[in-house]
Amino acid sequence: MPSFAPRLVVACLVAVCGVFACLAAEDVRSGATVPRWRQHDIRRPKPPVVEPSEGPIAVKPPQDAVVLFDGSNLDAWQAPGGGPAPWKVSDGSFQVGAGTGPIETKARFGDIQLHVEWAAPDPPRGVGQDRGNSGIFLMGQFEIQVLDSYRAQTYADGQAGAIYGEYPPLFNASRPPGQWQTYDIAFRRPRFDTSGKLLEPARITLFLNGILVQNNEEPFGPTSWLKWLPYTDQGDRGPISLQDHNHPVKFRNIWLRELPERPAPTPAQLARAKVITLPTDVLDQYTGQYLLNAKPDAPKATVSRQDGHLVITFPFRPQPLGLEPISDHEFDMPFTDGRFTFRKDAGGRVTGVLFRIGDGERDMTKVTP
Ligand code: MG
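Model, not experiment: these values are computed from the prediction.

### Regarding the overall build of the chain
Summing up its helical and strand segments, the chain has 3 helices and 25 strands in all. In terms of overall dimensions, the chain is more spread out than a globule: its C-alpha atoms have a radius of gyration of 30 Å, far above the 21 Å expected for 369 residues. Each of the three principal axes of the chain carries a C-alpha extent, and together these read 90 × 80 × 40 Å. Here the chain holds 369 residues, and 43% of them are scored as buried. Long-range contacts, defined as pairs at least 24 residues apart, comprise 59% of the intrachain contacts of the chain with a sequence gap of at least 6. When the accessible area of the chain is evaluated, it comes to approximately 20000 Å², of which 57% is carbon and sulfur surface. Charge centroids of the chain, computed over 39 positive and 41 negative side chains, lie 3 Å from each other.

Rendered as structure tokens:
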């Protein structure tokens, strides 16, 4: 027994670590190990039911939208890889062609705001995942589940509004089968470096019938069933595809807006005037109080010297702000595009300061020495 006990401990540790490896994952950015539910775990709490407002909420495409379906035809769609989309259009909507395979957009998209309306078959048929199942695949990789989840039971991460197999919706805001339901999706594509290393996972925000059900979630890989897959660099754009799960789910009013990249400042745009050093007697000329506007009883800002530097304290912001000299009478704010240009009278006495911030200006008169 004595010789068996250590082996048992090791065996237990191996078993525990093995299980742990299945239930935990490394956060891409922090490197921290985070717990993760097993896919389709029936113990995972079901989202609470919330009644959405009276529907449908048909949102017309805004002026800059890419309209993917306006009720008339499937010209923006194709069979995977090419060829006509075989699903049928009627009465301003189209229906999954059960057994004909998925369809995808001809165009490719990256970061988008996407609006989709869908309706589960009425009368309903089937149970669990076999009930009004379809799906919207972003970049052809990340499935937003479409399912008849109205008073219907299935595992949490497979309900309507789930990022399938990964994140259940926060709420079950489903409408009854046959009623139009809305998805409003904000999607940010994953980012990779030039070697294909994942820098930033995808992000998905989703409103189901006006209720937030995915709040900036980060899929931990492309949608896959029974086993998670790692991210791979599939380029900056991909199609939106709709799943054929053999159920006659209807769709209508599909449009998106492509989202721009936020521009980073160039080195030229970051360039600033050179900061100089001024002797304390020069700085002390500017200390005192300044009226924030032309009224005599206006609130005042205070310019003072702290540790050899000028600072300004506004009445609405008690923490003093450091000012950096770029000439003998001009001072910049280090974190803000703001400049203080002090002025003097003919006798060399400081009389005020022009405070420019962004594209606004404020002329402040000096009232105390
Ligand atoms: Mg599906």
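Back to the text.
### What to know about the side chain of Glu 166
Inspection of the secondary structure assignment puts Glu 166 in the loop between strand E10 (142-146) and strand E11 (181-188). Despite its burial, Glu 166 remains without a salt bridge, the nearest opposite charge being carried by Arg 36 at 6.9 Å. In this structure Glu 166 touches Arg 44, Asp 157, Pro 219, Phe 220, Gly 221, Pro 222 and Trp 228, once residues within four positions along its chain are discounted.

### Focus on the packing of aromatic side chains
The tally for this structure, following the rule as stated, stands at 18 aromatic pairs. Ring geometry for Phe 331 and Phe 342: centres 5.6 Å apart, planes at 90 degrees, overall edge-to-face. You can see Phe 331 sitting in strand E22 (residues 330-332) and its partner Phe 342 sitting in strand E23 (residues 338-344), a full 11 residues away along the chain. Both residues of the pair, Phe 331 and Phe 342, belong to the buried class. By the ring-pair criterion, three or more aromatic residues cluster together here, those being Phe 69, Trp 77, Trp 87, Phe 94 and Phe 251. Taking NZ or CZ as reference, Arg 36 lies 3.5 Å from the ring centre of Phe 220, over its face. Of note, Arg 36 hangs over the ring of Trp 228, and the distance from its end group to the ring centre comes to 4.9 Å.

### Considering the coordination of the magnesium ion
Those protein atoms acting as donors to the magnesium ion are Asn 133 (OD1), Ser 134 (O), Glu 143 (OE), Gln 145 (OE1) and Gln 243 (OE1), and they sit at 2.2 to 2.4 Å. All donors of the magnesium ion come from a single chain, and their spacing in sequence reads N-S-x8-E-x1-Q-x97-Q. Remark: Gln 243 occurs in the loop between strand E16 (241-242) and strand E17 (250-258) and Glu 143 occurs in strand E10; sequence separation between them is 100 residues.

### Here we look at the nonpolar core
Ranked by size, the top nonpolar core spans 44 residues in total, and within it Trp 77, Leu 114, Ile 136, Leu 138, Tyr 183 and Phe 251 carry the most contacts. For this core, the secondary structure elements donating two or more residues are strand E3 (66-69), strand E8 (112-119), strand E9 (134-138), E10, E11, strand E14 (203-208) and E17. With near-sequence residues (within four places) excluded, Ile 136 lies in contact with Leu 114, Val 116, Phe 142, Glu 143, Ile 144, Val 146, Tyr 183, Ile 240, Ser 241, Leu 242 and Phe 251.

### Looking at the sheet that holds E9
With antiparallel pairing, 5 strands are arranged side by side in an open sheet as E4-E7-E16-E9-E10. Because the sheet does not close on itself, it has two edges, and the strands there are strand E4 (77-78) and E10. Of the strand pairs in this sheet, E4 and strand E7 (residues 103-105) are connected by 2 bridges, and their pairing is antiparallel. By the bridge assignment for E7, Trp 77 is matched with Thr 105.

### Quick notes on the domain arrangement of the chain
Along its sequence, the chain is organised into domain 1 (7-258) and domain 2 (270-366). Computed over C-alpha atoms only, the centres of domain 1 and domain 2 are separated by 54 Å.

### What to know about the confidence of the model for the chain
On average, the chain scores 91 in pLDDT, and the residues at 70 or more come to 93%. Every residue in residues 1-21 scores below 50 in pLDDT, and together they form 1 contact with partners more than four places removed in sequence or on other chains.

### Overview of the sheet that holds strand E20 (residues 309-314)
Spatially, the 8 strands close up into a barrel ordered E18-E19-E20-E21-E22-E23-E24-E25, and their pairing is antiparallel. In this sheet, neighbouring strand axes are inclined to one another by 30 degrees on average, regardless of whether the strands run parallel or antiparallel. The pairing of E20 with strand E21 (residues 317-325) spans 4 bridges and is classified as antiparallel. Following the sheet pairing, Leu 310 is matched in E21 by Leu 323.

### Some thoughts on the pattern of salt bridges
Taken as a whole and judged by the stated rule, the model has 19 salt bridges. Between Arg 189 and Asp 236 there is a salt bridge, and its shortest N-O distance comes to 3.5 Å. Here Asp 236 lies in the loop between strand E15 (211-217) and E16 and Arg 189 lies in the loop between E11 and strand E12 (191-192), a separation of 47 residues in the sequence. Measuring nitrogen to oxygen at the nearest pair gives 3.0 Å for the salt bridge that ties Glu 261 to Arg 191. Remark: Arg 191 occurs in strand E12 and Glu 261 occurs in the loop between E17 and helix H2 (267-270); sequence separation between them is 70 residues. Using a relative accessible area of 48% as the deciding quantity, one classes Glu 261 as partly exposed. Via salt bridges that share partners, Asp 111, Arg 189, Arg 191, Asp 236 and Glu 261 belong to a single interconnected network.

Criteria and thresholds
- Residues numbered from 1 in each chain as written.
- Predicted model: local features only at pLDDT ≥ 70, side-chain atom pairs only at ≥ 80, totals over all residues.
- Heavy atoms only, no water.
- Helix = DSSP H or I, 4+ residues; strand = E, 2+ residues; numbered from the N terminus.
- Rg over C-alpha atoms; globule rule 2.2 N^0.38 Å.
- Buried < 20%, exposed > 50% of the residue type's maximum accessible area, 1.4 Å probe, protein only.
- Contact = heavy atoms within 4.5 Å.
- Areas by Shrake-Rupley, 256 points an atom, 1.4 Å probe, with all protein chains shown as cover.
- Lys, Arg positive; Asp, Glu negative; His and termini not counted.
- Charge placed at Lys NZ, Arg CZ, Asp CG, Glu CD.
- Salt bridge = Lys/Arg side-chain N within 4 Å of Asp/Glu carboxyl O.
- Phe/Tyr/Trp six-rings, centres within 6.5 Å; stacked < 30°, edge-to-face > 60°.
- Lys NZ or Arg CZ within 6 Å of the ring centre and 35° of its normal.
- Donors = N, O, S within 2.8 Å, 3.2 Å for Na, K, Ca; no water.
- Core = buried A, V, L, I, M, F, W, Y, C linked by side-chain atoms within 4.5 Å.
- Pairing = 2+ DSSP bridges.
- Domains from an automatic or database assignment.
- pLDDT = per-residue confidence, 0-100.
- Axes fitted to C-alpha atoms, helices over the stretch in contact; angles between N-to-C directions.

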